[in-house]
Amino acid sequence: MTVQGSENSSRRGRRSTTMGGMPLNDMPWWRWRSNVRSALHMLSAPAFQRDVWLAGVDGYGDVTDAVYRLVEDTWLDHWSAEKYVGTVFRDSQEAALVDSAVLRVLRIMHQVGPDAPVHAYLDHPDWPEAVRAARDAHVRLATSDGEDPEAEPRTLEVLQILTRSA
């Protein structure tokens, strides 16, 4: 997946060195989970997509940015979330729900293109199913973490603060 950085983006520059194709980095599992949860939260909320992404509100990134957070560090665009059960994901049910959302969202992104305008995603005939899959995964992960799945998505700045190293 090719992505371009932007001023208000969580997209990072170069990858670190790799082992077997997977980048080696010192990102702890909880940061991966936070990034995946953030992306799923935004991808699962039609009102957020309309009121923030379509309206061009700063601070949340765009659809491509959310997809990037969903797959970049975890490589969920290359293999199953099942690989991370016991680290990033608590159990196989969480992993299966994440995989379902990733596959649906990536299929649409590959059809419309990563740099397509927001409405190209939201108007895609399969978007409601992708939103539903993201919602199922988001609710499961948020509930497992003891958080309210109905809370508003956090800005990228808040996500960055929450994922800083201690």
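Here the structure is a predicted model, which is why all the values come from computation and not from measurement.

Our focus in this paragraph is the overall build of the protein. Of the regular secondary structure elements, the protein holds seven helices and two strands. Put simply, the protein runs from its N terminus to its C terminus through helices and strands in the order β-β-α-α-α-α-α-α-α. Looking at the protein as a whole, 45% of its 166 residues are labelled buried. Of the contacts formed within the protein by residues at least 6 apart in sequence, a portion of 68% connects residues at least 24 apart. Surface exposure of the protein reaches about 8700 Å², of which carbon and sulfur atoms provide 52%.

Moving on: the environment of V131. Following the sequence through the fold, V131 ends up in helix α6 (residues 127-144). Setting aside chain neighbours within four positions, we find V131 in contact with L43, S44, P46 and Q49.

A few words on the confidence of the model for the protein. Mean pLDDT over the protein works out to 85, with 83% of the residues at or above the 70 mark. When the elements of the protein are averaged for pLDDT, strand β1 (residues 18-19) gives the smallest value, 38, and α6 the largest, 98.

As a further point, take unusual backbone geometry. Located in the positive-phi region is W75, a residue other than glycine, with phi close to 60°. Residue position: W75 is located in the loop between α3 (63-71) and α4 (92-112).

For the rest of this paragraph, the subject is the layout of surface pockets. Its boundaries defined by the atoms lining it, the largest pocket holds a volume of some 360 Å³. In terms of lining residues, the largest pocket is bounded by 18 residues, among which S34, R37, E147, R154 and L162 are the most central. Of all elements in the fold, only α1 (29-43) and α7 (156-162) reach the threshold of two or more residues within the lining of the largest pocket. At seven residues, α1 tops the list of elements feeding residues into the lining of the largest pocket. When its residues are assigned to classes, the lining of the largest pocket shows six nonpolar, four polar and eight charged.

Before going further, it helps to spend a moment on the environment of G113. If you trace the backbone, G113 turns up in the loop between α4 and α5 (118-122). Among the residues examined, G113 registers a relative accessible area of 17% and is labelled buried. Here the alpha-carbon distance between G113 and T64, two residues 49 residues apart in the chain, equals 9.1 Å. With near-sequence residues (within four places) excluded, G113 lies in contact with I108 and Y121.

Parameters at a glance
Residues numbered from 1 in each chain as written. Predicted model: local features only at pLDDT ≥ 70, side-chain atom pairs only at ≥ 80, totals over all residues. Heavy atoms only, no water. Helix = DSSP H or I, 4+ residues; strand = E, 2+ residues; numbered from the N terminus. Buried < 20%, exposed > 50% of the residue type's maximum accessible area, 1.4 Å probe, protein only. Contact = heavy atoms within 4.5 Å. Areas by Shrake-Rupley, 256 points an atom, 1.4 Å probe, with all protein chains shown as cover. pLDDT = per-residue confidence, 0-100. 1 Å grid on protein atoms, 1.4 Å probe; cavity = no way out; pocket = protein on both sides within 12 Å on 5 of 7 lines; lining within 4 Å. Points joined across faces, edges and corners; volume = space filled by probe spheres on them. Nonpolar A, V, L, I, M, F, W, Y, C, P; charged D, E, K, R; others polar.

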